[in-house]
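Structural characterization, general
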Amino acid sequence: MRQSNSEQFSQQATPNEAVITLRNLKKSFGIKEVLSDLCMDLYKGENLVVLGKSGSGKSVSIKCMVGLLTQDAGSLRIFEQEVKDLSEQGLRELRIKTGFLFQSAALYDSMTVEQNLEFPLTRVLKLNNKADIRQRTEEVLDSVGLLDAIDKMPSDLSGGMRKRVGLARTLILKPEIMLYDEPTTGLDPITSREISELMLQMQKKYQTSSIIITHDMACAKITSDRILVLDKGVFVAEGTYEQLENGPDELVRSFFK
Amino acid sequence: MVFAISKRRFNQPIRSSACHIRQYPNCDFLLQISGFSHSLFHYMNNLLPESWRTQLASAGDQVVFLGTFSRNILRPGFEWNEFLRQCYTVGYKSFTLVGITGFILGFVLTLQSEPTMKAFGAESFVPSMVSISVIREIGPVIIALICAGKIASSIGAELGSMKVSEQIDAMEVSGANPIQYLVVTRVLACIVMIPLLTLMADALALFGGFAASNISNKMTFTLYFSKAFSVLSFTDLIPAVVKTVFFGFAIGFVGCYKGYNSDRGTESVGVAANSAVVAASLWIIVLDAIAVQLTSVFAYN
């Protein structure tokens with residue numbers, strides 16, 4: 001039976017501590033209510049996949065987490081800090097610990113791949129040592145398998161390569177939480193699987209906790225420890241991939257067809 | 001009211017005025033005043049037509065953007081490399097357009113005014129008339145309008161496309177400061193380069209005037225320039241240069257504001273570029289009218 005109260009998705013007993021906590025989160029644009037009563041926890045070290053139809057509020061929820069949008073009501077705590085109460089400096093420090101991979105990868109198109117990766121190191125971590133910057137850049141590019149593309153411009157890269165560089169640019173700051181906004185959208189199935197496996201590898205290597213927004217079931221199957229299904233601004237189902245695939249809810253099962 | 005209805009799209013999370021007030025002891029009275037002013041604002045807001053409210057909201061946004069820009073100018077970590085790159089883009093890459101415009105400006109002005117001046121037997125005053133009109137008024141305004149078309153539109157389109165492709169959001173969520181990197185550098189580059197471009201165009205306009213004078217008459221280089229400079233003083237040059245600083249600010253600021261606040265979608269990039277040119281041109285004309293009034297009172301009289 002379809003669950004109506006999303007509060008229950010934050011009540012699951014777990015031995016791990018919650019790094020992100022959402023309680024009764026509401027967000028509207030004009031008269032359209034996008035998030036109506038969102039409650040959830042992200043636990044340390046887990047990969048949480050959020051499934052939902054387009055326009056169900058998936059991207060809005062993670063944009064609230066990094067302060068790109070501000071909720072109308074409710075509580076959003078990351079590392080025990082209420083995001084909307086943070087000062088400008090506090091928000092900046094939180095963002096360093098929270099990596100965000102955009103759907104389009106959002107590479108700076110006037111810079112080379114190397115400059116894209118150097119940007120957060122010099123502007124955010126304020127590193128000056130060129131050898132150290134170069135070493136970090138090469139290390140993270142090597143880990144996503146794109147060391148050869150270090151001097152290329154973003155316009156010279158394929159969709160999958162852009163996603164890899166975007167991932168590398170996010171991981172270079174060694175975030176504790178990763179937020180992925182539809183990481184495999186627009187990619188062919190083979191590249192999509194490669195990106196999903198890469199996300200899993202990076203999660204193990206950098207010990208991150210992740211929220212992955214997607215409607216790509218192959219990606220969800222590879223990456224998820226737990227799945228939440230979002231519909232009309234509330235979570236309507238929770239479980240592992242197998243549990244939801246064989247569950248009774250028609251809307252949830254429709255994602256697996 | 002302009003502040004009150006601004007949409008606050010920038011870095012800081014939105015907090016209500018009541019939230020700020022609660023940190024003070026014995027705040028009940030302040031909360032009552034805050035509640036009253038909120039009610040008054042909503043009452044007045046409902047009286048205004050929709051188009052006025054939109055205009056006021058836009059004005060409020062620009063004031064907030066100006067405040068954000070001002071706070072970031074003196075913040076540590078000024079982006080010198082990006083500033084120099086923007087000076088190169090704004091200044092050097094406009095060199096040809098501004099140079100040709102300046103030369104033709106002086107050339108055409110001389111050709112057009114010479115027959116009339118000749119009819120009054122005042123042909124020898126043409127160099128003086130050209131130098132005064134170009135340096136005081138036509139040079140700064142025409143060059144600023146040309147730069148509004150070239151630079152404000154390019155800044156608006158560049159930042160607009162960065163906004164649409166989420167590059168500005170990516171900068172922000174990485175913990176970097178996009179205002180300092182993108183806006184401060186571009187506005188300051190315009191403030192520095194527009195006066196220099198105008199001075200260069202003024203000089204070339206005088207050469208253009210000299211070339212035009214030599215088509216119909218023979219006038220030596222020394223005679224032409226001694227006549228042109230004889231009527232000029234620093235009270236002509238300094239107010240003209242000072243107003244180009246404000247023109248530069250208008251071009252950079254409006255371009256950045258329109259681009260940075262463009263909506264999502266590719267169409268908004270074109271809208272940002274177009275509205276940047278229109279708004280910057282309007283700012284230039286209005287600023288010029290104010291500058292002329294001020295210089296008439298304080299400099300020429």
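None of the values given here were measured: they were computed from a predicted structure.

**Concerning the overall build of chain B**
Of regular secondary structure, chain B possesses eleven helices and zero strands. Seen in sequence order, chain B has helices and strands lined up from the N terminus as α-α-α-α-α-α-α-α-α-α-α. Sequence-distant contacts in chain B: of pairs separated by 6 or more residues, those separated by 24 or more amount to 83%. Surface summary for chain B: the accessible area is close to 14900 Å², and the carbon and sulfur share equals 69%.

**Some points on the overall build of chain A**
Within chain A one finds nine helices and ten strands. A compact globule built from 257 residues would reach a C-alpha radius of gyration of about 18 Å, and chain A, at 18 Å, matches this within 12%. Dimensions along the principal axes, computed over C-alpha positions, put chain A at roughly 55 × 45 × 40 Å. Expressed as a percentage of its 257 residues, the buried residues of chain A come to 57%. Contacts in chain A between residues far apart in sequence, at least 24 positions, make up 68% of those at least 6 positions apart. Taken together, the 33 basic and 36 acidic charged side chains of chain A have centroids lying 2 Å from each other.

**Things to note about the pairing of strand S3 (residues 47–52) of chain A**
All names here are of chain A. In terms of residue burial, S3 counts as a mostly covered element, since six of its six residues are buried. Judged by which residues are buried, S3 turns out to be covered on both faces: Asn47, Val49 and Leu51 on one side and Leu48, Val50 and Gly52 on the other are all buried. Inspection of the sheet shows S3 paired to strand S8 (residues 209–214) by five bridges, in the parallel sense. Among the inter-strand pairings, Val50 is bridged to a residue of S8, identified as Ile213. Bridge count between S3 and strand S9 (residues 226–231): five bridges; the pairing is parallel. Bridging across to S9, Leu51 finds its partner in Val229.

**A short note on the pattern of salt bridges**
Per the stated rule, a full pass over the model turns up 25 salt bridges over all chains. Put simply, Asp72(A) and Lys27(A) hold a salt bridge, and the shortest N to O gap is 3.9 Å. Here Lys27(A) lies in strand S1 (residues 18–29) and Asp72(A) lies in the loop between helix H1 (58–65) and strand S4 (73–78), a separation of 45 residues in the sequence. Judged by its relative accessible area of 49%, Asp72(A) is partly exposed. Among the residues examined, Lys27(A) registers a relative accessible area of 10% and is labelled buried. We note a salt bridge from Arg95(A) to Glu172(B), for which the minimum N-O separation is 3.7 Å. With Arg95(A) in helix H2 (residues 88–97) and Glu172(B) in helix H7 (residues 167–173), the pair connects residues from two separate chains. With a relative accessible area of 6%, Arg95(A) lands in the buried category.

**So, a nonpolar patch on the surface**
Nonpolar side chains collect at one region of the surface, where Ile100(B), Phe103(B), Ile104(B), Val108(B), Phe207(B) and Phe221(B) lie side by side and expose about 510 Å² of accessible area between them. Residue placement: Phe221(B) occurs in helix H9 (residues 221–230).

**Things to note about empty space enclosed by the protein**
Applying the stated criterion across every chain, the model contains five cavities of 30 Å³ or more. Estimated volume of the largest cavity: approximately 160 Å³. Lining the largest cavity are 18 residues, with Phe100(A), Arg169(A), Thr170(A), Ala170(B) and Ser174(B) sitting closest to its centre. Listing elements by their share of the lining of the largest cavity, those giving two or more residues are H2, strand S6 (98–101) and helix H5 (159–171) of chain A together with H7 of chain B. Here the lining of the largest cavity is built from residues that sort into eleven nonpolar, five polar and two charged.

**Side note on the confidence of the model for chain B**
A low pLDDT score tells you not to read the predicted coordinates there in detail. Residue and element names in this part refer to chain B. Confidence in the prediction of chain B, expressed as mean pLDDT, is 86, and 86% of residues score 70 or more. In this model, residues 1–26 is a region of pLDDT below 50 whose contacts with residues beyond four sequence positions or in other chains number 60 contacts. The complex model carries a pTM of 0.83, and its ipTM stands at 0.86.

**Focus: the interface of chain A and chain B**
The interface is formed by 29 residues belonging to chain A together with 21 residues belonging to chain B. Across the chain A-chain B interface, the total number found is four salt bridges. For Glu88(A), the salt bridge is made with Arg75(B), and the minimal N-O distance between the two is 3.4 Å. Counting the contacts that link chain A with chain B gives eight residue pairs in polar contact (both at pLDDT 80 or more). Of all elements in the fold, only H2, S6 and helix H3 (113–123) of chain A reach the threshold of two or more residues within the side of chain A that touches chain B. Looking at which element gives the most residues to the side of chain A that touches chain B, the answer is H2(A), with five residues.

**Observations concerning the packing of helix H3 (residues 50–73) of chain B against helix H8 (residues 178–216) of chain B**
When two helices pack together, you describe them by how their axes are tilted relative to each other and by the distance separating the axes. Residue and element names in this part refer to chain B. For the pair H3 and H8, the least separation of the axes is 10 Å and the interaxial angle reads 95°. Between H3 and H8, the angle is such that the two are roughly perpendicular. Residues Phe65, Thr68, Phe69, Asn72 and Ile73 of H3 form the contact with H8, whose participating residues are Ile179, Gln180, Val183, Val184 and Val187. In terms of residue class, the contact of H3 with H8 is built from seven nonpolar, three polar and no charged.

**Notes on the packing of aromatic side chains**
With the rule as written, the count across this model stands at 24 aromatic pairs over all chains. Relative to Phe225(B), the ring of Phe221(B) has its centre 4.6 Å away and its plane inclined at 40°; by these criteria the two rings are tilted. Taken together, the residues span about one helical turn, with Phe221(B) and Phe225(B) both in helix H9 at a distance of four residues. According to the relative accessible area criterion, Phe225(B) is buried, its value standing at 9%. Above the plane of the ring of Phe79(A) lies Lys97(A), whose end atom (NZ or CZ) is 4.9 Å from the centre. Cation over ring: Arg169(A) sits above Tyr108(A), and NZ or CZ is 4.3 Å from the ring centre.

Each value, and the rule that gives it
Residues numbered from 1 in each chain as written. Chains lettered and ligands numbered in written order. Predicted model: local features only at pLDDT ≥ 70, side-chain atom pairs only at ≥ 80, totals over all residues. Heavy atoms only, no water. Helix = DSSP H or I, 4+ residues; strand = E, 2+ residues; numbered from the N terminus. Contact = heavy atoms within 4.5 Å. Areas by Shrake-Rupley, 256 points an atom, 1.4 Å probe, with all protein chains shown as cover. Rg over C-alpha atoms; globule rule 2.2 N^0.38 Å. Buried < 20%, exposed > 50% of the residue type's maximum accessible area, 1.4 Å probe, protein only. Lys, Arg positive; Asp, Glu negative; His and termini not counted. Charge placed at Lys NZ, Arg CZ, Asp CG, Glu CD. Pairing = 2+ DSSP bridges. Salt bridge = Lys/Arg side-chain N within 4 Å of Asp/Glu carboxyl O. Patch = residues over 30% accessible without salt bridge, like charges linked within 9 Å, V, L, I, M, F, W, Y side chains within 5 Å. 1 Å grid on protein atoms, 1.4 Å probe; cavity = no way out; pocket = protein on both sides within 12 Å on 5 of 7 lines; lining within 4 Å. Points joined across faces, edges and corners; volume = space filled by probe spheres on them. Nonpolar A, V, L, I, M, F, W, Y, C, P; charged D, E, K, R; others polar. pLDDT = per-residue confidence, 0-100. Polar contact = N/O pair within 3.5 Å; in protein donor to acceptor, adjacent residues only side chain to side chain. Axes fitted to C-alpha atoms, helices over the stretch in contact; angles between N-to-C directions. Parallel < 35°, antiparallel > 145°, perpendicular 65-115°, else oblique. Phe/Tyr/Trp six-rings, centres within 6.5 Å; stacked < 30°, edge-to-face > 60°. Lys NZ or Arg CZ within 6 Å of the ring centre and 35° of its normal.

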